[in-house]
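# Coordinate inspection notes
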Amino acid sequence: MKHPILEGSGYKLYALAWVLVIAVHAFVLFNIYGFSLTISITDSLIHNLVFGSMALGFWYVVRFSSVVKGDYFSFVGRHVVASSLTVACWVVLSKMILSFLYADSKEYLVFLNQTGFWRAIIGLMYYFLIVLTFFLVHYYLDLQEKTGKELHLKSLLNESELKMLKAQINPHFIFNSLNSISALTLTKPEKAQEMVIKLSDFLRYSIGKESAEMNSLKEELQNASLYLDIEKVRFGDRLDFKIEASPSCMAFKVPNLILQPILENAVKYGVNESTDVVAIELSCKVVGAQLYIKISNTFDPEAIARKGEGIGLENIRKRLSLIYRRTDLLLVVKKEDTFKVEVKIPILPEINEKN
């Protein structure tokens, strides 16, 4: 922890405080005790500058003398000894300097000797006021440091959790795609080659973009189209999809792979469990200060319902909460034969300008 005066910005306040003390000290000697202006200013400067210089070391006394639980006697004792030694050295050193400077002024030397006790009392007051101030500063800086560390650790935890959530690519999709490619190599090799290229592009985006937290909606929609193209090879005419987004949406930033789990759910719980054509529709528009993304799919209401909202939706809810510090950005609506997911992405200038 840095010294708040020697290494920080507190030197201005510290200097100002001593200027005020020096002025009051000189004023009292000049107006009350009747000494000359020169003697008054010199006495004030010597005593207060010496003490002010010594007081800079009190910070280290405060920093390295913590209160041990139940051992307050030792704590107080240490400061009593430190204050006594400090004041004794201060009084003796100041007296030696002033006695040398005004050796010919008997009246002042008598005054200097007679006021030694009161100067020591004032020195003790100085000591405990400065130490108390340093204790408050130390507590404040220590609290700031701990708060900073906690925020840093929380940021690291959030970052780790985000990476973990983003890394959850459905392995079943990869296995099914590879099986489809294997089957196509015998019947439609050209189609198999096309699917390999699309799968490669999809995985390159999904894995290669892992380090980026935010991508443009345009990139996300291109990746969504790749995913649905691949799945359409598996399901053929049973999968019908449409993506509509206004041009004003394309450049805005959204969390990386935030739409992927929703589309996986639409395929898994809609297309995979139905023998009829399932329509998946994705739309986006700007509403106020946020992107409004809606993904809906039809499903067979007579199919055996599975528990839960579907794989990945809780993943999305957690990611949105971690990034935007809001819990109202994901809405799931299930009506008759339609499953709809609405995602709101706040348009934050700092995110869109940064990226």
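Heads up: the structure comes first, above all this text.
Residues numbered from 1 in each chain as written. Predicted model: local features only at pLDDT ≥ 70, side-chain atom pairs only at ≥ 80, totals over all residues. Heavy atoms only, no water.

Counting its secondary structure elements, the protein contains twelve helices and seven strands. Taken across its 355 residues, the protein has 37% of its residues classed as buried. Counting only contacts in the protein whose residues sit at least 6 apart along the sequence, the fraction spanning at least 24 positions is 72%. Total accessible area on the protein stands at roughly 20,700 Å², and carbon and sulfur atoms take up 63% of it. (Helix = DSSP H or I, 4+ residues; strand = E, 2+ residues; numbered from the N terminus. Buried < 20%, exposed > 50% of the residue type's maximum accessible area, 1.4 Å probe, protein only. Contact = heavy atoms within 4.5 Å. Areas by Shrake-Rupley, 256 points an atom, 1.4 Å probe, with all protein chains shown as cover.)

What follows covers the packing of aromatic side chains. Per the counting criterion, the structure on display carries 17 aromatic pairs. Note on Tyr 102 and Tyr 108: the rings are 5.5 Å apart at their centroids and 65° apart in plane angle, and the pair reads as edge-to-face. Judged by relative accessible area, Tyr 102 falls into the buried class, the value being 15%. Through successive ring pairs, a cluster of aromatic residues spans Tyr 14, Trp 18, Phe 51, Phe 58, Trp 90, Tyr 126, Tyr 127 and Phe 128. (Phe/Tyr/Trp six-rings, centres within 6.5 Å; stacked < 30°, edge-to-face > 60°.)

Here we come to the pairing of strand β4 (residues 278–287). Relative to β4, strand β2 (residues 239–245) is paired through seven bridges, and the arrangement is parallel. In the sheet register, Leu 239 faces β4, and the bridge partner there is Val 278. The sheet contact formed by β4 and strand β5 (residues 290–298) spans eight bridges and is antiparallel. Opposite Cys 284, over in β5, you have Ile 293 as the bridge partner. Linking β4 back to β5 in an antiparallel pair, the connection comprises two residues, with Gly 288 at a positive phi of about 65°. (Pairing = 2+ DSSP bridges.)

Tracing the sequence through the fold places Asn 223 in helix α9 (residues 217–235). Discounting residues that sit within four places of it in the chain, Asn 223 has contacts with Phe 202, Tyr 205, Ser 206, Leu 257 and Gln 260.

Another aspect to go through is the side chain of His 47. Of note, His 47 is situated in helix α2 (residues 37–55). At a separation of 3.1 Å, a polar atom in the side chain of His 47 contacts the side chain of Arg 119. Sequence-distant contacts of His 47, defined by excluding residues within four places in its chain, comprise His 25, Trp 90, Ser 94, Leu 98, Leu 112 and Arg 119. (Polar contact = N/O pair within 3.5 Å; in protein donor to acceptor, adjacent residues only side chain to side chain.)

What follows deals with a nonpolar patch on the surface. A cluster of nonpolar side chains, namely Phe 30, Leu 37, Ile 41, Leu 45 and Leu 49, defines an oily patch on the protein surface of about 430 Å² accessible area. It is α2 that contributes the most residues to the nonpolar patch, four residues altogether. With respect to the element layout, Phe 30 can be found in helix α1 (residues 11–31). Owing to a relative accessible area of 39%, Phe 30 belongs among the partly exposed residues under this scheme. (Patch = residues over 30% accessible without salt bridge, like charges linked within 9 Å, V, L, I, M, F, W, Y side chains within 5 Å. Salt bridge = Lys/Arg side-chain N within 4 Å of Asp/Glu carboxyl O.)

All of the buried residues in helix α5 (residues 106–114) are Tyr 108, Phe 111 and Leu 112. The buried residues of α5 occupy an angular sector of 100° when projected down its axis, which confines them to one face. Seen from the buried face of α5, the exposed residues on the opposite side, beyond 90 degrees, are Lys 106 and Gln 114. (Arc of directions from axis to C-beta.)

We now examine the pattern of salt bridges. Under the defined criterion, the tally for this structure stands at eleven salt bridges. A salt bridge links Asp 201 to Arg 204; the nearest nitrogen and oxygen atoms lie 2.9 Å apart. Note that Asp 201 and Arg 204 are positioned in helix α8 (residues 189–208) at a spacing of three residues, about one turn of the helix. Owing to a relative accessible area of 30%, Asp 201 belongs among the partly exposed residues under this scheme. We note a salt bridge from Asp 328 to Arg 326, for which the minimum N-O separation is 3.0 Å. Judged by relative accessible area, which is 39%, Asp 328 ranks as partly exposed. One connected set of salt bridges, linked through shared partners, spans Lys 191, Glu 194, Lys 198 and Asp 229.

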